[in-house]
Amino acid sequence: GATTPRLAVIYDPKPGTTLKAMYGSAFRAPSLYEAAFPATGEQLEAERLDMAELIWMQRLGKGTLLTSSLYQYDAKRLIDVVDDSAGVLIYRNLGKARAQGMEVTLDVRPARHFRGYLNYSIGRAVDDDTGNQLTNSPDHLLKLGLAAQVTARVSTAAELRYESGRKTVVGTRTKPFLIANLNLLTHPFGRTGRPG
């Protein structure tokens, strides 16, 4: 069992502006795969996370919303993969980890059937005991997306996603990469599943 309280304070100082302060906690039990490969003599425990976030939402006009947030996450018993002395990858609970960062999103809906967004986040997650950056944790993320309702039964969406390099379990870094996704969705029988 676990108790995971959440609290939010929301303030609207003027029309189109919203300020939020949020606190919450969460936990994550080890997955079946993680639990099958723990460190010798150890049993994985559930991760525990405490989160604090400040959010500023500003409407810039009809159909345009700018959202900015600052966040901090404190994790205990974080489950991560490590390389043991024999070169075998195993899972273990780290002592503590902390992540801090900022995220900015511009959401634009100029027309009823068209939407676009631009999202950028910068953050850093480190082991509290050693100060080392956590593995598989990029510093920068950038996303650009466009979606459109082409007809009553056809919609499309495209997204570009950039990620900076990540630290690997063996201490090297991956190269930054860019991924492009294109989706086409059809509703041959209408959105409700009824003919016509």
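Residues numbered from 1 in each chain as written. Predicted model: local features only at pLDDT ≥ 70, side-chain atom pairs only at ≥ 80, totals over all residues. Heavy atoms only, no water.

### Quick look at the overall build of the protein chain
Logical step 1: Secondary structure summary: the protein chain contains one helix and eleven strands in total.
Logical step 2: The secondary structure elements of the protein chain, listed N-terminal to C-terminal, are β-β-α-β-β-β-β-β-β-β-β-β.
Logical step 3: Compactness check: the protein chain gives a C-alpha radius of gyration of 21 Å against a globular reference of 16 Å for 196 residues, more than 25% above the reference.
Logical step 4: Along the three orthogonal principal directions, the C-alpha set of the protein chain runs to about 60 × 45 × 35 Å.
Logical step 5: In the protein chain, buried positions account for 25% of the 196 residues.
Logical step 6: Within the protein chain, residue pairs in contact and separated by at least 24 positions form 49% of the contacts whose partners lie at least 6 positions apart. (Helix = DSSP H or I, 4+ residues; strand = E, 2+ residues; numbered from the N terminus. Rg over C-alpha atoms; globule rule 2.2 N^0.38 Å. Buried < 20%, exposed > 50% of the residue type's maximum accessible area, 1.4 Å probe, protein only. Contact = heavy atoms within 4.5 Å.)

### Considerations on the side chain of Thr18
Logical step 1: One can find Thr18 in strand 2 (residues 17-28).
Logical step 2: Note on Thr18: relative accessible area 18%, which makes it buried.
Logical step 3: In terms of polar contacts, Thr18 uses its side chain to reach the side chain of Asp12, at 2.8 Å.
Logical step 4: Sequence-distant contacts of Thr18, defined by excluding residues within four places in its chain, comprise Ile10, Tyr11, Asp12, Ile55, Trp56 and Met57. (Polar contact = N/O pair within 3.5 Å; in protein donor to acceptor, adjacent residues only side chain to side chain.)

### Describing the environment of Thr151
Logical step 1: When you line up the elements, Thr151 lands in the loop between strand 9 (140-149) and strand 10 (154-163).
Logical step 2: The class of Thr151 is partly exposed, set by a relative accessible area of 41%.
Logical step 3: Separated by 36 residues in sequence, Thr151 and His187 place their C-alpha atoms 9.9 Å apart.

By themselves, these are just geometric observations and shouldn't be taken as functional.
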